[in-house]
Amino acid sequence: MSKAKIALITGANKGIGYAIAAGLGTLGHRVGVGARDETRLGEAVEKLRAAGVDAFGVPLDVTSRRSVTEAAELVELEAGGLDVLVNNAGIPGEMGPGWAQDPTSLDLDVVRTVVETNVLGVIQVTNAMLPLLRRSGSPRIVNVSSGVGSLTRQADPGIDIGPVMAAYAPSKTFLNAVTVQYARHFAGTDILINAACPGLVATDFTGFHGSRTPEQGAATAIRLATLPDGGPTGSFFEDDGTIPW
Ligand SMILES: NC(=O)c1ccc[n+]([C@@H]2O[C@H](COP(=O)([O-])OP(=O)(O)OC[C@H]3O[C@@H](n4cnc5c(N)ncnc54)[C@H](OP(=O)(O)O)[C@@H]3O)[C@@H](O)[C@H]2O)c1
């Protein structure tokens with residue numbers, strides 16, 4: 001019998017992250033449930049276990065260096081390695097009227113907080129988990145991004161990508177750029193790293209506006225987390241294929 005693959009998903013206590021954890025668990029992965037709040041973490045692990053998933057809790061605030069270091073130690077102790085990292089945790093940042101972030105009146109602290117979580121958090125978690133991932137036969141990293149971070153789509157007046165979001169959208173553009181740099185660094189290795197857009201999903205994040213379910217939103221990340229060896233890397237995907245940068 002082959003050994004179960006080990007996956008860690010950040011921000012997995014609810015929304016798309018929880019659905020990614022449930023989906024990978026159903027596929028037979030052993031799932032590390034990353035969450036920053038102890039109570040929400042415990043509840044998510046219990047719910048996943050009740051659904052038959054081999055889940056373990058990983059206290060993890062992606063913005064805290066100490067928390068990230070301790071999370072890597074816990075994954076090593078609990079699972080002895082890591083095959084899949086899904087950087088899902090993300091925040092929109094404070095929004096103004098019409099769920100917009102006006103660049104001309106933007107509070108810089110909003111930008112800092114969003115970048116801290118959506119970009120620096122991803123780098124911090126990825127680098128802490130890399131020693132474990134490098135020991136895997138088929139390491140996979142998925143960064144949960146957003147189509148609103150696509151500069152091509154933002155620059156095309158023919159495409160409706162919603163309100164102006166001067167902190168959130170650039171944070172995902174930044175995350176995409178960082179994903180490409182990792183892919184360039186990993187070229188010629190077994191590590192595949194890609195960005196995924198879940199589409200507009202009804203979660204806390206969107207105030208439950210959005211036509212897609214968390215399970216639908218999780219599908220692309222799950223596909224990228226389970227790519228075969230030699231699969232694509234350094235690309236940006238949604239349900240229908242690739243998204244232009
Ligand atoms: N929903 C959409 O339509 C949509 C569209 C495109 C992209 N996305 C992306 O999809 C990802 C998941 O979003 P979602 O819709 O599932 O949102 P959500 O329901 O609000 O879940 C976000 C998750 O991230 C966690 N999180 C936030 N800051 C964190 C931190 N510093 N450390 C650890 N965990 C943290 C939250 O934990 P708490 O429960 O403790 O707050 C929660 O578990 C995000 O990266 C988002 O940008 C969403």
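Parameters at a glance
Once a new chain begins, its residue numbering starts again from 1 and follows that chain's sequence as written. The predicted nature of this model means local features are confined to residues of pLDDT at least 70 and side-chain atom pairs, given and counted, to a pLDDT of 80 or more, with totals for whole chains, interfaces and linings taken over all residues. Strands here are runs of E lasting at least two residues and helices are runs of H or I lasting at least four, both read from the DSSP assignment and numbered beginning at the N terminus. Only C-alpha atoms enter the radius of gyration, while the globule expectation follows 2.2 Å times N to the 0.38, with N the number of residues. Partly exposed residues are those whose C-beta has more than 12 but fewer than 20 other C-beta atoms within 10 Å; with 20 or more the residue is buried, with 12 or fewer it is exposed, and the C-beta atoms are placed from the backbone. Two residues qualify as a contact pair if the distance between their C-beta atoms, derived from the backbone, is within 7 Å. Start and end positions for the domains come from either an automated domain assignment or a database one. Throughout this entry, Asp, Glu, Lys and Arg are counted as charged residues, while Ala, Val, Leu, Ile, Met, Phe, Trp, Tyr, Cys and Pro are counted as nonpolar. The remaining residues, Gly among them, count as polar. When DSSP finds two or more bridges between a pair of strands, those strands are recorded as paired. By the criterion used throughout, a crossover qualifies as right-handed when its path from the first strand across the helix to the second strand runs clockwise, the strands pointing away from the viewer. Buried Ala, Val, Leu, Ile, Met, Phe, Trp, Tyr and Cys residues form a nonpolar core when they are connected through C-beta atoms within 7 Å. Each residue receives a C-beta atom placed from its backbone. It is near a molecule or strand if this atom lies within 6 Å of it.

1. Focus on the overall build of the chain
Part 1 of the argument: From N to C terminus, the chain includes seven helices and eight strands.
Part 2 of the argument: A compact globule built from 245 residues would reach a C-alpha radius of gyration of about 18 Å, and the chain, at 17 Å, matches this within 12%.
Part 3 of the argument: Principal-axis analysis of the C-alpha atoms gives the chain an extent of 55 × 40 × 35 Å.
Part 4 of the argument: Considering the chain as a whole, with its 245 residues, one finds that 44% of them fall into the buried category.
Part 5 of the argument: If you take every contact in the chain between residues at least 6 apart in sequence, the share linking residues at least 24 apart comes to 69%.

2. What about the environment of Leu175?
Part 1 of the argument: On the secondary structure map, Leu175 appears in helix H6 (residues 168-186).
Part 2 of the argument: When the C-alpha atoms of Leu175 and Glu43 are compared, they prove to be 29 Å apart, with 132 residues separating the residues in sequence.
Part 3 of the argument: Once residues within four sequence positions are removed from consideration, Leu175 is found in contact with Asn118, Val119, Val122, Asn143, Ser145, Gly149 and Ala195.

3. Things to note about the domain arrangement of the chain
Part 1 of the argument: Each domain of the chain was delimited in the assignment, giving domain 1 (1-89) and domain 2 (94-115 + 136-245).
Part 2 of the argument: The distance between the C-alpha centroids of domain 1 and domain 2 comes to 20 Å.
Part 3 of the argument: At the junction of the two partners, domain 1 supplies 18 residues and domain 2 supplies 21 residues.
Part 4 of the argument: Secondary-structure elements contributing two or more residues to the side of domain 1 that touches domain 2 are helix H1 (15-26) and strand E4 (84-87).
Part 5 of the argument: Split into classes, the residues belonging to the side of domain 1 that touches domain 2 amount to eleven nonpolar, five polar and two charged.

4. Some remarks on the pairing of strand E3 (residues 55-59)
Part 1 of the argument: Bridge count for strand E2 (residues 30-35) against E3 is five bridges, and the pairing is parallel. Bridge pairing links Val31 to Ala55 in E3.
Part 2 of the argument: As for the winding sense of the linkage, the β-α-β connection from E2 through helix H2 (residues 38-50) to E3 is right-handed.

5. Comments concerning the nonpolar core
Part 1 of the argument: Counting residues in each nonpolar core, the largest one holds 60 residues, and the members touching the most others are Ile20, Ala21, Val33, Val86 and Ala221.
Part 2 of the argument: When we break this core down by domain, the ones giving at least three residues each are domain 1 (1-89) and domain 2 (94-115 + 136-245).
Part 3 of the argument: Aside from chain neighbours lying at most four places away, what touches Ala21 is Ile9, Ala12, Val31, Val33, Leu48 and Ala55.
Part 4 of the argument: Counting residues in each nonpolar core, the second largest holds six residues, with Met165, Ala166, Tyr168 and Ala169 among its members.

6. Details of the site of the ligand
Part 1 of the argument: Surveying the vicinity of the ligand reveals 32 residues, the closest of which are Gly11, Gly15, Gly90, Thr203 and Phe205.
Part 2 of the argument: By residue class, the composition of the shell around the ligand is twelve nonpolar, 14 polar and six charged.
Part 3 of the argument: Domain assignment of the residues forming the shell around the ligand places at least three in each of domain 1 (1-89) and domain 2 (94-115 + 136-245).

7. Things to note about unusual backbone geometry
Part 1 of the argument: Backbone geometry at Trp99 places phi at a positive 55 degrees, although glycine is not the residue there.
Part 2 of the argument: Structurally, Trp99 is set in the loop between E4 and helix H4 (108-134).

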